[in-house]
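# Structure at a glance
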Amino acid sequence: MAGPRVEVDGSIMEGGGQILRVSTALSCLLGLPLRVQKIRAGRSTPGLRPQHLSGLEMIRDLCDGRLEGAEIGSTEITFTPEKIKGGIHTADTKTAGSVCLLMQVSMPCVLFAASPSELHLRGGTNAEMAPQIDYTVMVFKPIVEKFGFRFNCDIKTRGYYPKGGGEVIVRMSPVKQLNPINLIDRGCVTKIYGRAFVAGVLPFKVAKDMAAAAVRCIRKEIRDLYVNIQPVQEPKEQAFGNGNGIIIIAETSTGCLFAGSSLGKRGVNADKVGIEAAEMLLANLRHGGTVDEYLQDQLIVFMALANGVSRIKTGPVTLHTQTAIHFAEQIAKAKFIVKKSEDEEDASKDTYIIECQGIGMTNPNL
């Protein structure tokens with residue numbers, strides 16, 4: 001099964017955990033042995049962190065692969081994948097490491113498993129430097145399902161920085177192939193809604209203040225839509241630790257979804273958290289794309305695997321997206337073209353079309 005080893009330099013471009021996620025997922029899917037060197041070389045704490053390690057171990061377990069060099073602080077790993085199998089798999093970051101990033105690395109793999117999978121992911125559900133679980137469920141899920149599969153995401157417990165302690169169960173069945181997607185027509189914004197949450201010892205007033213500040217901020221720019229942001233007190237038994245945050249979603253007439261989100265930190269007032277999320281959403285609505293800046297890179301691996309040509313329209317192409325494209329081309333041999341949008345209405349904006357000729361990955365088990 002094993003062909004020549006794919007060599008990846010973990011210090012280029014995004015230079016962090018994302019290179020690891022994209023390259024190990026593709027290596028697992030394509031049955032290509034992999035070596036990643038200089039892992040997170042430029043970061044303040046170089047090498048593997050606990051969340052990267054738990055992601056690698058999960059991919060190894062998904063396919064009964066061999067993993068060498070996988071310990072905290074290691075800057076080089078080798079991975080030899082075998083056949084992807086379904087069933088129940090658990091990954092625990094043991095920290096506030098993001099369950100959403102664990103999902104990002106494992107989901108493409110289990111789509112091409114031999115049987116249905118159930119992933120038990122433990123760590124932070126609403127953590128910094130990663131999508132919040134609400135983003136994953138409210139934005140990522142409906143869009144990624146356009147590739148022709150469904151998944152179920154059950155939030156058992158929410159976990160926050162620094163303790164983590166959240167748990168999410170993801171269930172999905174394998175597919176024969178992925179369909180390409182064509183997300184070019186943005187339509188107009190038809191509704192804006194969201195949730196502002198507090199968990200643990202934080203007073204409910206914080207949730208109400210975040211929501212109110214966000215609504216005020218959005219109203220300045222978008223006057224003709226009702227903005228419905230629900231303040232939520234997370235139930236004690238469904239949240240571990242203390243946290244607060246907000247996510248706001250804009251939905252368009254063509255089914256595009258955009259988000260702005262923010263998490264509270266000690267000493268940052270509630271209004272500021274709400275305004276930050278609102279401003280992020282408004283910025284994502286200005287560029288004329290059909291996906292927001294956080295969805296861009298999460299779709300690249302699926303586009304690379306799909307059977308046919310996929311197109312998405314985006315705002316400025318992020319470093320994460322450029323990185324995902326680079327490794328999808330290097331490892332999967334997919335072909336990407338990124339070009340400025342030629343639409344009249346996009347002329348004044350920084351809008352791009354990302355086009356991909358997918359490799360038409362076929363599930364050998366079905």
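Residues numbered from 1 in each chain as written. Predicted model: local features only at pLDDT ≥ 70, side-chain atom pairs only at ≥ 80, totals over all residues. Heavy atoms only, no water.

### Here we look at empty space enclosed by the protein
Using the following cut-off: Lining residues are those with an atom within 4 Å of a point, where the points come from a 1 Å grid over the protein atoms alone and group into cavities, where a 1.4 Å probe fits but cannot get out, or pockets, open sets with protein on both sides within 12 Å along at least five of seven lines. Grid points are joined across faces, edges and corners, and a volume is the space filled by probe spheres set on the points. Helix and strand assignments follow DSSP, with helices taken as H or I runs no shorter than four residues and strands as E runs no shorter than two, numbered in order from the N terminus. Note on residue categories: nonpolar means Ala, Val, Leu, Ile, Met, Phe, Trp, Tyr, Cys or Pro, charged means Asp, Glu, Lys or Arg, and polar means any other residue, Gly included.
As enumerated under the stated definition, the model contains 1 cavity of 30 Å³ or more in all. Its boundaries defined by the atoms lining it, the largest cavity holds a volume of some 130 Å³. Lining the largest cavity are 13 residues, with V22, Q104, D297, Q298 and V301 positioned closest to its centre. Mapped onto the lining of the largest cavity, the elements with two or more residues apiece are helix 1 (17-30), helix 3 (99-111) and helix 7 (293-305). No other element matches helix 7, which puts 5 residues into the lining of the largest cavity. Taken together, the residues of the lining of the largest cavity break down into 8 nonpolar, 3 polar and 2 charged.

### Quick look at the sheet that holds strand 14 (residues 257-263)
As a reminder, the rule being used: The pairing criterion is simple: DSSP has to find at least two bridges between the two strands. Every axis corresponds to a line fitted to the C-alpha atoms, with the helix fit spanning only the stretch in contact, and the corresponding angles, defined between N-to-C directions, vary from 0 to 180 degrees. By definition in these notes, contact holds between two residues if any of their heavy atoms fall within 4.5 Å.
Across the sheet, which stays open at both edges, the 4 strands sit in the order 11-10-13-14 with mixed pairing between neighbours. If you trace the sheet from one side to the other, it starts and ends with strand 11 (227-233) and strand 14, each paired once. Sheet twist, expressed as the mean angle between neighbouring strand axes with direction ignored, is 15°. Taken together, the 7 bridges between strand 13 (residues 243-252) and strand 14 define a ladder with antiparallel strand orientation. Paired with I246 across the strands is S262, a residue of strand 14. The strands touched by helix 5 (residues 204-221) within the sheet are strand 10 (189-199), strand 11 and strand 13, with strand 11 carrying the most contacts at an inclination of about 165°. Packing against the sheet, helix 6 (residues 270-286) makes contact with strand 10, strand 13 and strand 14, and its axis sits at approximately 155° to strand 14.

### Quick word on the UniProt feature "active site" (unreviewed entry) in the chain
Our working rule: UniProt positions are given in the numbering used here, feature names are shortened, and annotations may be inferred rather than shown by experiment.
As recorded in UniProt, the sites labelled "active site" (unreviewed entry) are H320. Beyond its immediate sequence surroundings of up to four residues, H320 is in contact with E14, Q18 and D297.

### Describing the pattern of salt bridges
Where charged atoms from two side chains of opposite charge come close, those side chains can pair. Put simply, the rule reads: Within this document, salt bridges are pairs made up of a side-chain nitrogen of Lys or Arg and a carboxyl oxygen of Asp or Glu, the two lying within 4 Å of each other. Throughout this description, buried means an accessible area under 20% of the type-specific maximum (1.4 Å probe, protein chains only), exposed means over 50%, and partly exposed covers the range between.
Scanning all chains against the criterion turns up 26 salt bridges. Ionic pairing is found between E145 and R150, a salt bridge with its closest N-O pair at 3.1 Å. Note on E145: relative accessible area 11%, which makes it buried. When its relative accessible area of 60% is taken as the criterion, R150 is described as exposed. Among the salt bridges present, the one from E355 reaches K339, with a minimum N-O distance of 3.6 Å. Here K339 lies in strand 16 (residues 335-340) and E355 lies in strand 17 (residues 352-357), a separation of 16 residues in the sequence. Accessibility expressed as a relative area gives 17% for E355, which makes it buried. Residue classification places K339 among the partly exposed residues on the basis of a relative accessible area of 34%. It is possible to trace a salt-bridge network through shared partners that takes in D134, R158, R195 and E234.

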